[in-house]
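Here are the chains, one letter per residue:
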Amino acid sequence: MGKHLVIDADMKEKWPYTRVGCFQYKVTVEKKNEEMWKYLKKDIFKKTKDNIFDYGVNDIPNIKESRMAYKAFGKDPSRYRVSSEALVRRIGQGKGLYEVNTVVDVNNLISIESGFSVGSYDTAHIADELVFRVGKDGETYKGIGKAEIKIDGLPVLADEAGAIGSSTSDSERAMITEEAKEVLTLVYSFSDNKDLEKAMEYGRKYLEQYAGAMDVECWIVD
């Protein structure tokens, strides 16, 4: 049975278009899927560079709306970048992407293609009741490969034990390692369009094809 996620009323009030696409699935995490990297480098990097050329990074669809949402929550989107924008910028600068593992790499593929921030969490380390809300004053957590991150004013995923991740940078608590057996992948949408529905379709396909996801449950929280 899937985790239960709600969007906080205060967040909806500040940005009514907030929605979250959810995938929950069983998986054997591996180091790398060569087919996925071929596809990423051949098709997606080129498409991303074309998008940067056509729009400029800040105005790429769904990155643009995410930046607007950050402003509504009280965060400067140029200082606290939505993760999809950070990934797209890396590609634009020719830095490529980090290779992490099959789940995180597919997570990043969905993010780059859709323009939405995407986060993946080991379900063994999070509670069943989750809330997507705006980070509170003074709230922090230990980021992945980073020191404490200030998350006040950022869109944050939390359970009863506190914040787990955000659409900028996730915490170490539920990070995906090769130990993970079940994963919750969330697509954070701040757009008033049907792109989330599309991302759920190809996202599921990528998770099954490149990460070996099994028993996939998909739903959208409005």
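Whatever comes next refers back to the structure up there.
It should be emphasised that the depicted structure is a prediction, and the values quoted were computed from it without experimental measurement. (Residues numbered from 1 in each chain as written. Predicted model: local features only at pLDDT ≥ 70, side-chain atom pairs only at ≥ 80, totals over all residues. Heavy atoms only, no water.)

### Notes on the sheet that holds strand β2 (residues 19-26)
So, step 1. The sheet built from 4 strands is open, its strands ordered β3-β9-β2-β10 with antiparallel pairing. At either end of the open sheet lies a strand with only one pairing partner, and these are β3 (117-122) and β10 (214-221). Pairs of neighbouring strands in the sheet enclose a mean axial angle of 15°, with direction left out of account.
So, step 2. Across 8 bridges, β2 lies against strand β9 (residues 182-189) in antiparallel orientation. By the bridge assignment for β9, Cys-22 is matched with Leu-186.
So, step 3. Packed onto the sheet, helix α5 (residues 102-114) meets β2, β3 and β9 and runs at close to 160° relative to β3. (Pairing = 2+ DSSP bridges. Helix = DSSP H or I, 4+ residues; strand = E, 2+ residues; numbered from the N terminus. Axes fitted to C-alpha atoms, helices over the stretch in contact; angles between N-to-C directions. Contact = heavy atoms within 4.5 Å.)

### Here we look at the environment of Thr-48
So, step 1. Within the fold, Thr-48 resides in helix α2 (residues 34-55).
So, step 2. Under the relative-accessibility criterion, Thr-48 is labelled buried at 4%.
So, step 3. Along the sequence, Thr-48 and Val-156 sit 108 residues apart, while their C-alpha atoms lie 26 Å from each other.
So, step 4. With near-sequence residues (within four places) excluded, Thr-48 lies in contact with Val-88, Ile-91 and Ile-112.
So, step 5. In this structure the side chain of Thr-48 is engaged in a polar contact, spanning 2.7 Å, whose partner is the backbone oxygen of Ile-44. (Buried < 20%, exposed > 50% of the residue type's maximum accessible area, 1.4 Å probe, protein only. Polar contact = N/O pair within 3.5 Å; in protein donor to acceptor, adjacent residues only side chain to side chain.)

### Some thoughts on the nonpolar core
So, step 1. Counting 34 residues, the largest nonpolar core has Tyr-25, Leu-40, Leu-97, Val-103 and Val-106 as the members making the most contacts within it.
So, step 2. Among the elements that line this core, the one with the most residues is helix α6 (residues 195-210), at 7 residues.
So, step 3. Excluding its chain neighbours within four sequence positions, the residues that come into contact with Val-103 are Tyr-25, Val-27, Val-29, Ser-120, Ile-176, Val-183 and Ala-211.
So, step 4. Counting 21 residues, the second largest nonpolar core, distinct from the first, contains Trp-15, Tyr-121, Leu-130 and Ile-164. (Core = buried A, V, L, I, M, F, W, Y, C linked by side-chain atoms within 4.5 Å.)

### Describing the environment of Asp-105
So, step 1. Residue placement: Asp-105 occurs in helix α5.
So, step 2. Asp-105 gets classed as buried once you look at its relative accessible area, which sits at 2%.
So, step 3. Spatially, the C-alpha atom of Asp-105 lies 9.8 Å from that of Leu-207, the residues being 102 residues apart in sequence.
So, step 4. What Asp-105 contacts, discounting residues up to four positions off in sequence, is Lys-31, Met-36, Trp-37, Tyr-98, Glu-99 and Val-100.

### Focus: the packing of α2 against α5
So, step 1. Interhelical geometry of α2 versus α5 gives an angle of 20° and a closest axis separation of 11 Å. On the basis of their axis angle, the class for α2 and α5 is roughly parallel. Crossing hand, α2 versus α5: left-handed. On α5, the residues that touch Met-36, Trp-37, Tyr-39, Leu-40, Ile-44, Lys-47 and Thr-48 of α2 are Asp-105, Val-106, Leu-109, Ile-112 and Glu-113. (Parallel < 35°, antiparallel > 145°, perpendicular 65-115°, else oblique. Left-handed = near helix turned anticlockwise from the far one by under 90°.)

### Describing the packing of aromatic side chains
So, step 1. Applying the stated criterion across every chain, the model contains 8 aromatic pairs.
So, step 2. When the centroid spacing of 5.9 Å and the interplanar angle of 85° are considered together, the rings of Trp-15 and Tyr-17 count as edge-to-face.
So, step 3. According to the relative accessible area criterion, Trp-15 is buried, its value standing at 12%.
So, step 4. Over the ring of Tyr-80 we find Lys-75; its NZ or CZ atom is 4.1 Å from the centre of that ring.
So, step 5. The residue whose ring lies beneath Arg-90 is Tyr-98, and the NZ or CZ to ring-centre distance is 4.3 Å. (Phe/Tyr/Trp six-rings, centres within 6.5 Å; stacked < 30°, edge-to-face > 60°. Lys NZ or Arg CZ within 6 Å of the ring centre and 35° of its normal.)

### Overview of the side chain of Ser-191
So, step 1. Within the secondary structure, Ser-191 is located in the loop between β9 and α6.
So, step 2. A distance of 2.7 Å separates polar atoms of two side chains, one belonging to Ser-191 and the other to Asn-62.
So, step 3. Not counting residues within four places of it along the chain, the set of residues in contact with Ser-191 comprises Tyr-17, Asn-62, Glu-65 and Phe-116.

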